[in-house]
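Geometric and topological summary
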Amino acid sequence: MIPELGHFSLILALGLSVALAVLPALGVYRRDALLMQTGPSIATGLFVLLAFSFGCLMYSFIQDDFSVAYVANNSNSALPLQYKISAVWGAHEGSFLLWTLIASGWTLAVAAFSRGLTFDMKARVLSVLGLLCAGFASFLLFTSNPFDRNLPFHPADGGDLNPLLQDFGLIVHPPMLYMGYVGFAVPFALAIATLTTGRLDAAWARWSRPWTNAAWAFLTVGITLGSWWAYYELGWGGWWFWDAVENASFMPWLMGIALIHSLAASEKRGVFKSWTVLLAISTFSLSLLGAFLVRSGVLTSVHAFAVDPTRGIFILMFLVLVIGGSLTLYAWKASGIKSEAQFEWNSREAMLLINNLLLVVATASVLLGTLYPLLYEVITDGKKISVGPPYFNRVFVPIVCLLFIAMAVSPFSRWRRTSGDVLLRQHWPFLLATPVIICLVTYVVATGIDVIAIGVETLAVWILVLLARHWWQAGSISSASQLGMMLAHAGIAVAILGVIVTITYSEGRDVRMNPGESIALAGYDITFEGVQKVRGPNYLADQAEFNVTRDGEFVAKLRPEKRVYSVGQNVMTEADMDPGLMRDVYVALGEKVGDTAWAVRVHVKPFVRWIWLGGLLVALGGFVTLLDKRYRRVRELVSNNVVGTAA
Amino acid sequence: MTFNKSLLIPLGVFGLLVVFLALGFRLQDPHLLPSVLIDKPFPEFELQDLRQPDQLRTLADLSGEVSLVNVWATWCPNCLIEHPELLRISRETDLPLYGVNYNDDNGKALGWLARHENPYEFSIVDDKGTLAIDLGVYGAPETFVLDASGVIRFRHVGPVTPEVWRETLLPVVEHLQGMSDG
């Protein structure tokens with residue numbers, strides 16, 4: 001009964017989202033203020049219905065209702081409660097229900113926090129969001145209904161949640177990621193609404209900024225969590241794989257950075273307006289494209305959901321409608337947009353332009369690498385190749401290094417023009433000293449000097465110290481926006497340091513060990529004590545014990561496991577690590593290779609935590625900007641827009 | 001207002017992308033799950049026969065002609081759904097059909113076969129799931145098409161319905177039989 005209520009509520013939600021797409025827009029067209037104001041109440045209803053539907057699905061999971069096919073495929077009565085709950089979004093159908101719920105949540109947020117918008121704009125924006133929700137809801141109902149029953153033959157117990165997903169990181173990772181993906185729908189809807197009015201003013205940019213920052217900050221948290229999860233759960237000690245699905249989240253993130261910076265220039269100086277609109281459309285389009293890649297089965301990936309051609313065709317049609325439609329609107333309407341201001345090559349505008357160009361090229365290079373296997377298969381009629389880290393490292397890394405240079409000097413630039421060469425005159429001793437100091441430190445601490453590592457470290461330290469100097473010179477931080485910017489930039493620098501040090505100075509070995517044997521790695525002695533059987537709630541495991549010492553002093557006891565989950569008989573490697581700010585000691589248990597011997601993988605990874613620490617700092621910066629008072633003031637901009645300027 | 005043609009560039013790029021995505025889509029055969037085992041020999045095994053527990057079955061028992069290997073279990077509701085079709089195949093064709101009884105209880109499995117009739121030449125007892133792991137089985141039911149030399153040539157995940165048989169498995173079987181005859 002409960003699943004039917006959820007299903008019914010989902011159908012009602014589709015109806016309401018269609019109403020949301022149509023009624024306010026109709027109000028704008030007919031200049032009917034009453035119709036225009038229907039948006040917020042419909043949005044509330046939509047959110048409540050979807051939340052109820054989501055609750056029903058969660059209830060079915062908690063109650064072990066295996067007559068629901070989705071529950072039977074992704075849960076089991078022995079699954080711990082927290083994983084029964086997270087299993088709701090553990091596979092395609094439920095995760096897309098979450099996606100739709102989040103989309104309606106953002107829609108409600110727009111309806112609730114839109115005092116700065118005119119009635120007219122608000123109606124248009126809500127209509128666009130309603131249209132998107134209608135697309136998502138019909139995708140759910142027509143191709144991926146999570147409430148489908150398995151009757152009359154329903155299994156006595158479920159097939160269990162994929163053990164890879166039975167983990168804290170995966171409880172939080174998808175919701176954060178979707179908050180980001182779907183959050184970009186708000187600046188998208190604003191851009192579309194503005195295009196239909198033909199008026200792109202500072203108000204539009206100011207209004208888009210907090211929403212873009214929020215969505216982007218959520219996406220940052222999601223990507224950071226995903227990387228952290230891959231590190232400790234996949235058992236390979238890697239933290240980024242350039243996997244198609246990772247790239248799918250990375251592309252809107254990169255484009256989001258470009259959008260955030262371009263919006264700043266549009267708001268403050270009235271430049272790049274048409275370009276900013278295009279970025280807003282592209283960012284959300286890349287989110288949708290990501291959804292297509294993950295859910296259609298066009299690309300094979302460890303993350304991809306089950307292959308189903310109807311789903312793929314549906315999403316492709318949706319993409320054509322949404323992206324094609326908005327780009328057509330853009331081509332038609334953007335000719336009228338003029339940028340007002342002039343600027344010089346060394347101005348902040350120019351810096352932002354460089355930032356944008358580099359980010360777009362970086363995104364394009366990731367997109368090309370992600371889709372290349374597919375393009376190749378189409379052109380050669382079926383030959384398969386894969387594009388791996390070598391391509392991305394060679395193409396993507398130099399572009400972002402250029403970006404880091406721009407990032408280091410950017411806080412010193414001024415709008416319109418930057419007086420003289422402030423940067424070089426005031427900071428040359430420091431700029432020169434950095435690489436020298438880094439060389440010295442490296443020489444003392446590490447095993448060898450690596451030129452690329454030193455170059456990249458220098459860039460990261462430049463970013464950090466120039467930020468600090470900028471702060472110090474300014475005397476105080478003028479706004480939450482500025483504080484957020486500094487935190488985010490500092491976070492990027494911290495993450496860069498983490499990445500480059502980990503890549504360059506990690507040490508690892510795959511060895512065969514008997515109990516009692518020990519190996520020495522990067523100054524640590526790691527002794528294999530033995531293996532014992534342990535029983536978890538829904539698995540059996542071989543648990544090994546390792547003793548880690550340094551110079552005879554005890555450091556940690558590590559207990560990596562090899563688990564066999566009872567239901568699916570899946571074998572999972574559960575690595576164990578001693579985390580630290582300066583280094584991680586990481587041990588993963590491989591196969592049993594003799595009577596008592598085991599294959600063991602040991603890593604010492606310096607600075608690896610800095611990657612995620614930096615990521616969280618970046619996200620924090622994004623959230624801090626939301627506190628900026630300017631975004632919450634009811635603006636006088638409302639006044640010059642009269643109700644009913646519809647095309 | 002003059003129309004700026006360069007504004008059409010994003011639309012053009014997107015159009016190109018859609019064409020490729022659509023073409024890439026057409027390439028995929030949705031029934032063909034990527035399996036590392038396609039065109040690889042069926043894994044070696046040495047397991048009990050379900051009905052004659054003292055007889056050990058090995059890979060040699062599966063080779064010789066084109067055959068189907070079906071992974072099934074009594075705990076699997078979808079196995080019951082495909083059962084009538086498997087019975088029909090075993091009655092109406094001379095294609096050998098072998099069962100792999102996956103993670104099951106022998107008593108229950110024998111009872112199930114007695115109740116619903118046995119379509120298999122013989123069933124292999126894989127109560128520890130070792131063969132299933134070697135096969136990379138996601139769940140039951142799964143059906144493999146083997147050629148005469150015991151190489152896996154096709155894999156179908158999910159129940160074998162009359163449509164699946166007609167449109168997917170039968171063409172593969174006929175193709176392979178044609179090759180071994182010629």
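Each chain has its residues counted from 1, following the order in which its sequence is written. A letter from A marks each chain and a number from 1 marks each ligand, given out in the order of writing. Predicted model: local features are reported for residues with pLDDT of at least 70 only, side-chain atom pairs are reported and counted for 80 or more only, and whole-chain, interface and lining totals are derived from all residues. Hydrogens and water are ignored here; the side-chain numbers use all heavy atoms of the structure.

To continue, consider the environment of Glu-574 of chain A. All names here are of chain A. The way it works is that DSSP assigns letters per residue, a run of H or I at least four long becomes a helix, a run of E at least two long becomes a strand, and they are numbered from the N terminus. Within the element layout of this structure, Glu-574 appears in strand β7 (residues 571-574). Counting along the chain gives 15 residues from Glu-574 to Arg-559, while the straight-line C-alpha distance between them is 8.9 Å. Contacts are assigned to residue pairs that have any heavy atoms within 4.5 Å of one another. Among all residues touching Glu-574, those that are not within four sequence positions of it are Glu-233, Pro-560, Glu-561 and Arg-563.

Size of an interface: often given as the accessible area lost when the parts come together. All names here are of chain A. Residue ranges assigned to the domains are those given by an automatic or database domain assignment. Taken domain by domain, chain A holds domain 1 (1-166), domain 2 (420-506 + 609-615) and domain 3 (509-607). One C-alpha centre belongs to domain 2, the other to domain 3; they are set 35 Å apart. Counting residues at the interface gives 10 residues for domain 2, matched by 10 residues for domain 3. Buried area adds together the accessible area that both of two parts lose upon being put together, with accessible area traced by a 1.4 Å probe. Both faces considered, domain 2 and domain 3 share a buried interface measuring about 810 Å² in area, 62% of it formed by carbon and sulfur atoms. Ranking the residues of domain 2 by area buried against domain 3 places Ser-506, Arg-609 and Trp-610 at the top, with a combined share of 66%. Salt bridges are counted wherever a side-chain nitrogen of Lys or Arg sits within 4 Å of a carboxyl oxygen of Asp or Glu. Between Asp-584 and Arg-609 there is a salt bridge; the shortest N-O distance is 2.7 Å. A 3.5 Å cut-off defines polar contacts: any pair of N or O atoms within that distance qualifies, except that in protein one atom must be a possible hydrogen donor and the other a possible acceptor, and neighbouring residues in sequence count only when both atoms are side-chain atoms. Counting across the domain 2 and domain 3 interface gives five residue pairs in polar contact (both at pLDDT 80 or more).

Neighbouring strands of a sheet are bound in pairs by backbone hydrogen bonds; such pairs are parallel or else antiparallel. Residues and elements named next belong to chain A. In this description, strands pair whenever DSSP reports at least two bridges between them. Read across the open sheet, the four strands follow the order β1-β10-β9-β8; overall the sheet is antiparallel. Looking at which strands have only one partner, the edges of the open sheet turn out to be β1 (507-513) and β8 (576-578). Taken over all neighbouring pairs, the strand axes of this sheet differ in orientation by 20° on average, direction set aside. Bridging between β1 and strand β10 (residues 598-606) involves seven bridges; their strand directions are antiparallel. Helix axes use the C-alpha atoms of the stretch in contact, all axes being lines fitted to C-alpha atoms, and the angles between their N-to-C directions lie in the range 0 to 180 degrees.

All names here are of chain A. The geometry of helix α6 (residues 92-112) relative to helix α8 (residues 168-183) is characterised by a closest axis approach of 9 Å and an angle of 50° between their N-to-C directions. Classified by the angle between their axes, α6 and α8 sit oblique to one another. Here α6 runs over α8; the crossing is right-handed. Along its contact with α6, which presents Ser-95, Leu-98, Trp-99, Ile-102, Ala-103 and Trp-106, the element α8 presents Pro-175, Tyr-178, Met-179, Tyr-181, Val-182 and Gly-183. For this classification, under 35 degrees means roughly parallel, over 145 means roughly antiparallel, 65 to 115 means roughly perpendicular, and everything else is oblique. The crossing is said to be left-handed when, going from far helix to near helix, the turn is anticlockwise and less than a right angle, and right-handed when the turn is clockwise.

Residues and elements named next belong to chain A. Ring pairs shown here join Phe, Tyr and Trp side chains whose ring centres sit within 6.5 Å, with only the six-membered ring taken for Trp; geometry is labelled stacked below 30 degrees between planes, edge-to-face above 60, and tilted in between. The tally for this structure, following the rule as stated, stands at 34 aromatic pairs over all chains. For the pair Phe-54 and Trp-89, a centre-to-centre distance of 6.2 Å together with 10° between the ring planes defines the contact as stacked. Of the two residues, Phe-54 is situated in helix α3 (residues 39-62) and Trp-89 in the loop between α5 (81-86) and α6; the sequence distance between them amounts to 35 residues. The class of Phe-54 is buried, set by a relative accessible area of 8%. Per-residue accessibility, obtained with a 1.4 Å probe over protein chains only, is compared with the maximum for each type, and a residue is labelled buried under 20%, exposed over 50%, and partly exposed between these values. The buried category is assigned to Trp-89, whose relative accessible area is 12%. On the numbers, 5.3 Å between centres and 55° between planes, the contact of Tyr-231 with Tyr-586 is tilted.

The next point concerns unusual backbone geometry. At Arg-31 of chain A, a residue that is not glycine, the phi angle is positive and equals roughly 55°. By relative accessible area, Arg-31 of chain A is classed as exposed at 56%. If you check the backbone angles, Glu-117 of chain B has positive phi at about 80° while not being a glycine. Looking at the element boundaries, Glu-117 of chain B is found in the loop between α3 (106-116) and β5 (123-126).

With that settled, the discussion passes to the side chain of Thr-549 of chain A. Residues and elements named next belong to chain A. Structurally, Thr-549 is set in strand β4 (residues 539-550). Overall, Thr-549 belongs to the buried group, its relative accessible area being 16%. For Thr-549, the contacting residues outside a window of four places in its chain are Gly-523, Tyr-524, Asp-525, Phe-554 and Val-555.

This part takes up a nonpolar patch on the surface. All names here are of chain A. A surface patch of nonpolar side chains, amounting to about 670 Å² of accessible area, comprises Ile-437, Val-441, Tyr-443, Val-444, Val-445 and Ile-449. The residue Tyr-443 is located in helix α16 (residues 422-445) in this model. Judged by relative accessible area, Tyr-443 falls into the exposed class, the value being 64%. Residues enter patches when they are more than 30% accessible in relative terms and free of salt bridges; like-charged ones are connected within 9 Å and nonpolar ones (Val, Leu, Ile, Met, Phe, Trp, Tyr) within 5 Å. All accessible areas in this document rest on Shrake-Rupley with a 1.4 Å probe, and a residue is counted as covered only by the protein chains that are shown.

Attention now moves to the side chain of Glu-267 of chain A. All names here are of chain A. Checked against the element boundaries, Glu-267 lands in helix α11 (residues 244-269). In terms of polar contacts, Glu-267 uses its side chain to reach the side chain of Arg-209, at 2.5 Å. The residues contacting Glu-267, other than those within four sequence positions of it, are Ala-202, Ala-205, Arg-206, Arg-209 and Arg-630.

Next up on the list: α3 of chain A. Residue and element names in this part refer to chain A. If you check α3, its first and last C-alpha atoms are 34 Å apart, about what 24 residues at 1.5 Å a residue would give, namely 34 Å. Buried residues belonging to α3 abut α1 (2-30), α2 (33-36), α4 (69-74), α5, α6 and α7 (119-143). Following α3 by one or two positions, Asp-64 has its phi on the positive side, about 55°. In this scheme, a helix's expected span is set at 1.5 Å multiplied by one less than its residue total.

With that settled, consider the sheet that holds strand β7 (residues 152-157) of chain B. Residue and element names in this part refer to chain B. Read across the open sheet, the five strands follow the order β5-β4-β3-β6-β7; overall the sheet is mixed. The sheet is open, and its two edges are formed by β5 and β7, each paired on a single side. Sheet twist, expressed as the mean angle between neighbouring strand axes with direction ignored, is 20°. The pairing of strand β6 (residues 142-146) with β7 spans five bridges and is classified as antiparallel. Along β7, the bridge assignment pairs Phe-144 with Arg-155.

A few words now on the pattern of salt bridges. Scanning all chains against the criterion turns up 22 salt bridges over all chains. Salt-bridge contacts for Arg-559 of chain A lead to Glu-545 of chain A; the nearest nitrogen and oxygen are separated by 3.2 Å. Of this pair, Arg-559 of chain A sits in the loop between β5 (553-558) and β6 (561-565) while Glu-545 of chain A is found in strand β4, placing the two residues 14 residues apart along the sequence. Residue class for Arg-559 of chain A comes out partly exposed when judged on its relative accessible area of 36%. Exposure remark for Glu-545 of chain A: the relative accessible area of 21% places this residue in the partly exposed category. Here Glu-142 of chain B ties to Arg-155 of chain B by a salt bridge, and the two come within 2.9 Å at their closest N and O atoms. Placement of Glu-142 of chain B in strand β6 and of Arg-155 of chain B in strand β7 is noted, with a sequence separation of 13 residues between them. Residue Glu-142 of chain B shares its accessibility class with Arg-155 of chain B, and that shared class is buried.

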